[in-house]
Amino acid sequence: MIKDSLLLKALRGVNLDRPPIWLMRQAGRYQASYQSLRKKHTLAEMFHEEDLITRVTLLPIEELGVDAAILFSDILLPLEALGFSVTYEGGPQVTPKDFQIDKLSIPLFEELESQFSFIVHAIRDLKKTLKVPLIGFCGAPFTIASYLLEKDHHHLLKNTKRWLYQETKSFHKLLSILSDLVIAYATLQIKAGVDVIQIFDSWAGVLDEEAFKDCSSFYLRKIVAAIKSQGVPVIVFCRGSCLFVEELVDICPTAISFDWHKPLETLKMKVPSSIALQGNLDPDILKAPFKVIESKLHHILTSMQGEKRFIMNLGHGVTPDISEDAVKYLVDSLKAFYR
């Protein structure tokens, strides 16, 4: 049964078996099967068509044997409920850029269900097929806001930070609206049947400690509480998570997904035993010879031996320049380590 899966047992802190493994961006451009579909469909089609969402979500289960599926979608999709248009070719772009915050309003939940019926139906179809948990996900308010505010999205987020420091009141009003949108969209996925929600605050690592507390963790706390109140575990990830351990702990998620900048054996000393740890192999290690991959993996597994709340993952997503063979080797090596 799904409730007895390795992932859900690890999230409950009762896993006595090997740690579960799944990978961020486990369904994606590094896969030949994905590329074959991609040649026939635009990304917009793949994010909006029920059968394509289902097919791509299942690819890593069929090809890698990972311990969880994550819904194939995009963190910006919910912006369509606010009247924005998102294009994905050449990198995600949101229009219009000249929106007025005071005119943004979230539809009623029934309208949201109708607008995103393709997501609801895909989740229901997947749940009929999957023998592992299905992870739904959302973007965090700060990260979603950065895509709204940047003309040419890049790692410095200069325009986003200008809004934060020069138009603080309106910036927080936007984050508040996006928080309500994220909660509604997470609830949509939960009601459709996902077993876990992961929240991605991918760009929060550009913030200093004070701004992280004000613009990331403050809103994440509200979202995490809303999701957990529905009886669903929630994992929080952000790049730079190793810098904000205390702030992430204060959010009280079920699990924290860490990037690769600090070893898990160091991080776990700062995290209460009630919170699971997920991570944290550097994805670029998968470009190394297999012996190096195995060595790095074994170091993490050895350091986390006996941990009932440990989920093996990468410190960020699989990138397109990583080979399928390397990803499969990682998954197989973890399973072999515990035989």
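One can find the structure itself at the top, above this paragraph.
Just so it is clear, the structure is predicted and the values come from calculations on it, not from any experiment.

Reading guide: rules and limits
- Residues numbered from 1 in each chain as written.
- Predicted model: local features only at pLDDT ≥ 70, side-chain atom pairs only at ≥ 80, totals over all residues.
- Heavy atoms only, no water.
- Buried < 20%, exposed > 50% of the residue type's maximum accessible area, 1.4 Å probe, protein only.
- Helix = DSSP H or I, 4+ residues; strand = E, 2+ residues; numbered from the N terminus.
- Pairing = 2+ DSSP bridges.
- Contact = heavy atoms within 4.5 Å.
- Polar contact = N/O pair within 3.5 Å; in protein donor to acceptor, adjacent residues only side chain to side chain.
- Phe/Tyr/Trp six-rings, centres within 6.5 Å; stacked < 30°, edge-to-face > 60°.
- Axes fitted to C-alpha atoms, helices over the stretch in contact; angles between N-to-C directions.
- Left-handed = near helix turned anticlockwise from the far one by under 90°.
- Nonpolar A, V, L, I, M, F, W, Y, C, P; charged D, E, K, R; others polar.
- Expected span 1.5 Å × (residues − 1).

S.K.: I would appreciate a short explanation of the pairing of strand β8 (residues 276–281) in the present structure.
M.R.: Put simply, side chains in a regular strand alternate between the two faces of the sheet. For β8, a buried count of six out of six residues is recorded, marking the element as mostly surrounded by other parts of the structure. Alignment of strand β7 (residues 255–257) against β8, held across three bridges, turns out to be parallel. Residue I256 lies in a different strand from β8, and its bridge partner there is L277. Bridge count for β8 against strand β9 (residues 310–314) is five bridges, and the pairing is parallel.

S.K.: Can you help me understand the environment of H155 in this one?
M.R.: Relative to the assigned elements, H155 resides in the loop between α7 (141–149) and α8 (158–166). Between the C-alpha atoms of H155 and G205, which are 50 residues apart in sequence, the distance is 9.4 Å. If near-sequence neighbours (up to four positions away) are discounted, H155 is found in contact with W203 and V206.

S.K.: Where do I start with the environment of D102 in this structure?
M.R.: Topologically, D102 is positioned in the loop between β3 (93–95) and α5 (109–115). A sequence separation of 185 residues divides D102 from K287, and the C-alpha atoms of the two residues are 47 Å apart. At 2.6 Å, the side chain of D102 forms a polar contact with the side chain of K173.

S.K.: Please explain the packing of aromatic side chains as it appears in this structure.
M.R.: Centre-to-centre distance and the angle between the planes together describe a pair of aromatic rings. Scanning the entire structure with this criterion turns up 14 aromatic pairs. Note on F84 and F99: the rings are 5.3 Å apart at their centroids and 85 degrees apart in plane angle, and the pair reads as edge-to-face. Within this pair, whereas F84 is found in the loop between β1 (69–70) and β2 (85–87), its partner F99 is found in the loop between β3 and α5, the two being separated by 15 residues in sequence. The structure contains a cluster of three or more aromatic residues connected by ring pairs, namely Y34, F47, F72 and Y88.

S.K.: How should the packing of helix α6 (residues 117–129) against helix α9 (residues 168–192) be read in this particular structure?
M.R.: Any two packed helices are characterised by the angle at which their axes cross and by the distance between the axes. Relative orientation of the contacting elements α6 and α9 amounts to 35 degrees, with a least axis distance of 8 Å. Crossing angle aside, the handedness with which α6 passes α9 is right-handed. From α6, I119, V120, I123 and R124 reach across to α9, where they touch Y185, L188, Q189 and A192. Looking at the contact of α6 with α9, its residues break down into six nonpolar, one polar and one charged.

S.K.: Can you help me understand the sheet that holds β9 in this one?
M.R.: Two orientations exist for strands paired in a sheet by backbone hydrogen bonds: parallel and antiparallel. Read from one edge to the other, the open sheet built from seven strands follows the order β1-β4-β5-β6-β7-β8-β9, with strand pairing classed as parallel. On the outer flanks of this sheet lie β1 and β9, each paired with one strand and no other. Note that β1 and strand β4 (residues 134–139) share two bridges and pair parallel. For I70, the partnering residue across the bridge sits in β4 and is I135.

S.K.: Could you clarify how one ought to interpret α6 in this entry?
M.R.: An α-helix turns once every 3.6 residues. As a result, residues three or four positions apart point the same way. Taking 1.5 Å of rise per residue, the 13 residues of α6 would be expected to cover 18 Å, and the 19 Å separating its terminal C-alpha atoms lies within 8% of that figure. Every buried residue of α6 is listed here: F118, I119, V120, A122, I123 and L126. On its buried face, α6 sits against α3 (43–48), α4 (50–63), α5, β4 and α9.

S.K.: Quick question: what am I supposed to make of unusual backbone geometry here?
M.R.: Both trends apply: most residues other than glycine have a negative phi, and most peptide bonds are in trans. Residue P96 is bonded to the preceding T95 through a cis peptide linkage, with omega at 0 degrees. Following the sequence through the fold, P96 ends up in the loop between β3 and α5. For the bond from G279 to N280, the omega torsion is -15 degrees, close enough to zero to count as cis. Along the chain, the position of N280 falls in strand β8. Even without glycine at this site, L157 takes up a positive phi of about 50 degrees. Not every positive phi belongs to a glycine, and C252 is a case in point at roughly 65 degrees. Relative to the assigned elements, C252 resides in the loop between α11 (245–251) and β7. Under the relative-accessibility criterion, C252 is labelled partly exposed at 44%.

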